[in-house]
Amino acid sequence: MSKAYDRVEWSFLENVLKKVGFSYVWVNKIMDCVCTNRYRVKCNTTLSEVIIPETDLRQRDPVSPYLFLFCIDALSRMLISTQETHIIKGIRVSKNGPRINHLFFADDALLFVRNKQSEMMVFTKILESFEQMSGQRINLDKSMVYFSLNIPSPQREILSRLLKMKVVSNLDAYLSLPIPIGLPGASFGLKRWEVQENKVSDLLNNEKDGWNESRIFEIYSEYLGDGICKIPLFHSSPDDYHIWFHNPLGFYSTKSAYSWLTLKHVGFGPHWIFLRLMWKLQALPKIRIFCWCLGHDILPTYEKIFSIRREVDGTCPRCGIDKETLLHAMKNCPRAPAVLVYDGLNNKVLEGTYSLCIDWIEDVARTLDKKAFSDFITVLWNIWNSRNNKVSVMRRKRPW
């Protein structure tokens, strides 16, 4: 769309909202918000008369994207209606999959149509009708048409003249994401059976110290291949090895396997107490979500960031003594026990030795009732927020 927000007709928007079924009172309130735009043009020191527009949705207004979606929904319903009446058929992405003829994202659109002149004409009529109703205009300069490889050149020329759009040989990307239209398998430049590589290591050069760029570009095309070649390779990282998830140290034993299978059979996992209490906390939803992140060890501690980005220091930003694991941030950091003791937590639980934060939290859950455990998780949430505030202050003071 060309200047999509600027061309929205207020009368069209109002009719769409009423057609969708919103209350007239609510529609009037929305339109009062939309129609309060007033403009004046200043030339040197002289102001013009007040200009009252009849189109336009305010840019950066948080409501405008949602109102625009209602307008685009009208075009979507027109396209769906023609497909339901078999005027156009759309395409399938699989043999028994549903047919689609369009995909929308904000003011951009991907339209799918068979290589029949009759369907092309229906599409153009729908677009022209939508333009007249809504005030929108199709940006033909930025629009393009991609034909299947099976369509002969003479027919391509006829259809491209009908659509008044430029013809392209491929659609490289949209919103920085590749669009592999017409390419089978997972590869983007070659057919699947032409790709012999099965592992990531097969894409390295002979010295194994970098990517085989020529082969990567051949398989994945220039756009995606360039992104792959920019992925850094860490040569000093430790070797991969097998670990057993159901043992704190990662070692496999028959006993741990038997325990895990028994608990799985009866419906319990290794941390079933915590998982059972997690969503029953007498706390705000954001604290329950925090509790879920806590139990799954996915909070962005410095030690976890260091495992991904080696240039980041994994030391605790508050005490500067140990690595900031999740257990350290919540229990072992000198700042944390002071808060927990003040909250009345048993010293025995505070002094215990644990390897994982989830083990410590589950021990606490065994000693506290439901209300006290909810308060305990709330205190941990405040400790984490205090830690984040400390990190934020340090970043603002950091010299550039």
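Everything quoted here is computed from the prediction, not taken from an experiment. (Residues numbered from 1 in each chain as written. Predicted model: local features only at pLDDT ≥ 70, side-chain atom pairs only at ≥ 80, totals over all residues. Heavy atoms only, no water.)

Participant: When you look at the environment of leucine 326 in this model, what are you seeing that I'm missing?
Facilitator: Mapped onto the fold, leucine 326 is located in helix α11 (residues 326–332). On the accessibility criterion, leucine 326 (4% relative accessible area) is buried. Once residues within four sequence positions are removed from consideration, leucine 326 is found in contact with Leu294, Asp297, Leu299, Thr301 and Cys357. (Helix = DSSP H or I, 4+ residues; strand = E, 2+ residues; numbered from the N terminus. Buried < 20%, exposed > 50% of the residue type's maximum accessible area, 1.4 Å probe, protein only. Contact = heavy atoms within 4.5 Å.)

Participant: What am I meant to see in the pattern of salt bridges here?
Facilitator: Here the idea is simple: oppositely charged side chains can pair when their charged atoms come close. Tallied over the full model, the rule gives seven salt bridges. Of the charged contacts, one joins aspartate 375 and lysine 371 as a salt bridge, the two residues approaching to 3.1 Å between their closest N and O atoms. Here aspartate 375 pairs with lysine 371, and both are found in helix α15 (residues 370–397), just four residues apart, close to one helical turn. With a relative accessible area of 33%, aspartate 375 lands in the partly exposed category. (Salt bridge = Lys/Arg side-chain N within 4 Å of Asp/Glu carboxyl O.)

Participant: Could you clarify how one ought to interpret the state of the cysteines in this entry?
Facilitator: Cysteine pairs can be covalently joined through their sulfur atoms, and such a bond is termed a disulfide. For the structure shown, the criterion picks out zero disulfides. Among the cysteines around cysteine 357, which has no disulfide bond, cysteine 291 carries the closest sulfur, lying 9.8 Å off. With a relative accessible area of 6%, cysteine 357 lands in the buried category. (Disulfide = S-S within 2.5 Å.)

Participant: Hey, could you run me through the confidence of the model for the chain in this one?
Facilitator: The predicted structure's coordinates, where accompanied by low pLDDT, should not be read in detail. Looking at the chain as a whole, its pLDDT mean stands at 78, while 82% of the residues score no less than 70. Within the chain, the lowest mean pLDDT, 52, falls on strand β10 (residues 177–178), and the highest, 89, falls on α11. Throughout residues 181–190 the model reports pLDDT below 50, and contacts reaching past four residues in sequence, or to other chains, amount to 23 contacts. (pLDDT = per-residue confidence, 0-100.)

Participant: Looking at this structure, how should I read unusual backbone geometry?
Facilitator: A positive phi angle, near 60 degrees, is found at asparagine 44, a position not held by glycine. With respect to the helices, strands and loops of the structure, asparagine 44 is situated in the loop between β1 (42–43) and β2 (46–47). Of note, aspartate 297 is a non-glycine position whose phi angle comes to about 55 degrees, a positive value. Mapped onto the fold, aspartate 297 is located in the loop between α9 (285–295) and α10 (302–306).

Participant: Sorry if this is basic, but what is going on with helix α3 (residues 64–84) here?
Facilitator: What sets the pattern is the α-helix's 3.6 residues per turn: residues three or four places apart point alike. End to end, α3 covers 30 Å across 21 residues, agreeing with the expected 30 Å (1.5 Å per residue, within 8%). Of the positions making up α3, those classed as buried are Ser64, Leu67, Phe68, Cys71, Ile72, Ala74, Leu75, Ser76, Leu79, Thr82 and Gln83. Considering only its buried residues, α3 is in contact with α1 (10–20), α2 (24–34), β4 (99–100), β5 (102–105), β6 (108–111) and α4 (117–134). (Expected span 1.5 Å × (residues − 1).)

Participant: Honestly, a positive patch on the surface in this entry has me stumped. Any pointers?
Facilitator: Taken together, the side chains of Lys89, Arg92, Arg99 and Lys116 define a basic patch exposed on the protein surface. Along the chain, lysine 89 turns up in the loop between α3 and β3 (91–92). By relative accessible area, lysine 89 is classed as partly exposed at 36%. (Patch = residues over 30% accessible without salt bridge, like charges linked within 9 Å, V, L, I, M, F, W, Y side chains within 5 Å. Areas by Shrake-Rupley, 256 points an atom, 1.4 Å probe, with all protein chains shown as cover. Lys, Arg positive; Asp, Glu negative; His and termini not counted. Charge placed at Lys NZ, Arg CZ, Asp CG, Glu CD.)

Participant: Just checking my understanding: could you explain the packing of aromatic side chains for this structure?
Facilitator: The description of an aromatic ring pair rests on the distance of the ring centres and on the angle between the ring planes. Throughout the structure, instances matching the rule amount to five aromatic pairs. Their ring planes at 90 degrees and their centres at 5.4 Å tell us that phenylalanine 22 and phenylalanine 70 sit as a pair that is edge-to-face. Separated by 48 residues along the polypeptide, phenylalanine 22 in the loop between α1 and α2 and phenylalanine 70 in helix α3 bring together distant segments of the chain. Assessed through its relative accessible area of 27%, phenylalanine 22 is described here as partly exposed. Aromatic rings pair up to connect Phe22, Trp26 and Phe70 into one cluster. In this structure, lysine 323 packs its charged tip against the face of phenylalanine 306, placed 5.2 Å from the ring centre. The lysine or arginine in question, arginine 387, covers the ring of tyrosine 302, its NZ or CZ lying 5.1 Å from the ring centre. (Phe/Tyr/Trp six-rings, centres within 6.5 Å; stacked < 30°, edge-to-face > 60°. Lys NZ or Arg CZ within 6 Å of the ring centre and 35° of its normal.)

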